[in-house]
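Here is how the chains run, residue by residue.
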Amino acid sequence: MLMADLKKLYIEAGCQNVITYIQSGNVIFDFPSDDKEKIITILEKAIESKYAFQVPIDLRTDDEIEKIYNALPIEKVSLEEDGSRILIGFMSRNPVPDEITSLRKFQHETEVLIIKDDILYLHCPNGFGKSKLSNTNIENKLNVVSTTRNLKTVAKLCVLSQEGS
């Protein structure tokens, strides 16, 4: 779906100050309610109604996104050099230890994988495309829905959300 169409759909669903960022479903918006479950239900139903398929939505506040970004547990990081090699996974729930162990079997020795509650931090020095820790493996092994974004994207979302406030 085009971001312009998604933006229009969010506005029609009651969102205000809607900003989209790149062609991957990143949407920043205000909503007259703070009830996350209600907002998610409204948006998921709107997308399903318009496009006839279901899309799980991960909804985080501006403060949550910034806190997640600032809590990056991977040291000696340069946004310029590492921004596309460090991924942040926003998961639907906290995985349990056995699930994490199952996922670690796919981890290459040069990769750093840190899971804090429902957030996954992953550094793939050889590139995410070459890693066996794909979003599909993350979701399957951890039994979660995960939205994964690289560090550059999360940094930009932080900037855009502050500008939109």
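Now for a description of the structure that goes with this document. Because the structure is predicted, anything quoted here is derived from the model rather than measured.

### Things to note about the packing of helix α1 (residues 3-12) against helix α2 (residues 36-51)
Thought 1: Where α1 meets α2, the axes come as close as 10 Å, and the angle between the chain directions of the two elements is 125°. In terms of orientation, α1 and α2 fall into the oblique class. Pair α1 / α2 crosses with right-handed handedness. In this structure, α1 uses Asp5, Leu6, Leu9 and Tyr10 to contact α2, whose residues at the interface are Leu43, Ala46, Ile47, Lys50 and Tyr51.
Thought 2: Split into classes, the residues belonging to the contact of α1 with α2 amount to 7 nonpolar, no polar and 2 charged.

### Quick word on the sheet that holds strand β3 (residues 86-91)
As a general point, the strands of a sheet are linked pairwise by backbone hydrogen bonds and lie either parallel or antiparallel.
Thought 1: Spatial ordering of the open sheet is given by β4-β5-β3-β6, a layout of 4 strands whose pairing is antiparallel. The strands lining the two open edges of the sheet, one partner per strand, are β4 (112-116) and β6 (146-150). In this sheet, adjacent strand axes meet at a mean angle of 20° when their direction is disregarded.
Thought 2: Alignment of β3 against strand β5 (residues 119-123), held across 5 bridges, turns out to be antiparallel. Within β5, the position partnered with Leu87 by the bridge is Leu122.

### Re the nonpolar core
Thought 1: Tyr10, Cys15, Phe29 and Leu43 are the most contacted members of the largest nonpolar core, which totals 16 residues.
Thought 2: Core analysis: the next-biggest nonpolar cluster, separate from the first, contains 13 residues, Leu103, Ile115, Leu120 and Ile138 among them.

### Brief notes about the pairing of β5
Thought 1: Buried residues dominate β5, accounting for 5 of its 5 residues.
Thought 2: Because side chains alternate across β5, one face comprises the buried residues Ile119, Tyr121 and His123, and the other comprises Leu120 and Leu122, equally buried.
Thought 3: One ladder, built from 5 bridges, connects β4 with β5; its direction is antiparallel. Pairing of Leu113 across the sheet is with Leu122, part of β5.
Thought 4: Linking two consecutive strands that pair antiparallel, namely β4 and β5, is a turn of 2 residues; a positive phi of about 55° is found at Asp117 within it.

### Observations regarding the packing of aromatic side chains
Thought 1: In the structure shown here, the tally under the stated rule is 2 aromatic pairs.
Thought 2: With a centroid separation of 5.3 Å and an interplanar angle of 70°, the aromatic rings of Tyr10 and Phe29 are classed as edge-to-face. Placement of Tyr10 in helix α1 and of Phe29 in strand β2 (residues 26-30) is noted, with a sequence separation of 19 residues between them. With respect to burial, Tyr10 and Phe29 carry one shared label: buried.

### Some remarks on the environment of Met91
Thought 1: Structurally, Met91 is set in strand β3.
Thought 2: Judged by its relative accessible area of 1%, Met91 is buried.
Thought 3: Sequence separation of Met91 and Asp117 is 26 residues, and the distance between their C-alpha atoms is 8.8 Å.
Thought 4: Setting aside residues no more than four positions away along its own chain, Met91 makes contact with Asp58, Arg60, Ile115, Asp117, Asp118, Ile119, Leu120, Leu142, Val144, Val145 and Ser146.

### Describing the pattern of salt bridges
Thought 1: Applying the stated criterion across every chain, the model contains 4 salt bridges.
Thought 2: In this structure, Glu64 engages Lys36 in a salt bridge whose closest nitrogen and oxygen atoms are separated by 2.8 Å. In this pair, Glu64 is assigned in helix α3 (residues 62-70) and Lys36 in helix α2, connecting sequence segments 28 residues apart.
Thought 3: One salt bridge connects Asp118 with Arg60, and the closest N-O pair in it is separated by 3.2 Å. Here the residue Asp118 occupies a position in the loop between β4 and β5, and Arg60 occupies one in the loop between α2 and α3, the gap between them amounting to 58 residues.
Thought 4: Of the residues examined, Arg60 reaches a relative accessible area of 18% and is grouped as buried.
Thought 5: Residues joined by salt bridges that share partners form a network here, namely Asp58, Arg60 and Asp118.

Conventions we followed
Residues numbered from 1 in each chain as written. Predicted model: local features only at pLDDT ≥ 70, side-chain atom pairs only at ≥ 80, totals over all residues. Heavy atoms only, no water. Axes fitted to C-alpha atoms, helices over the stretch in contact; angles between N-to-C directions. Helix = DSSP H or I, 4+ residues; strand = E, 2+ residues; numbered from the N terminus. Parallel < 35°, antiparallel > 145°, perpendicular 65-115°, else oblique. Left-handed = near helix turned anticlockwise from the far one by under 90°. Contact = heavy atoms within 4.5 Å. Nonpolar A, V, L, I, M, F, W, Y, C, P; charged D, E, K, R; others polar. Pairing = 2+ DSSP bridges. Core = buried A, V, L, I, M, F, W, Y, C linked by side-chain atoms within 4.5 Å. Buried < 20%, exposed > 50% of the residue type's maximum accessible area, 1.4 Å probe, protein only. Phe/Tyr/Trp six-rings, centres within 6.5 Å; stacked < 30°, edge-to-face > 60°. Salt bridge = Lys/Arg side-chain N within 4 Å of Asp/Glu carboxyl O.

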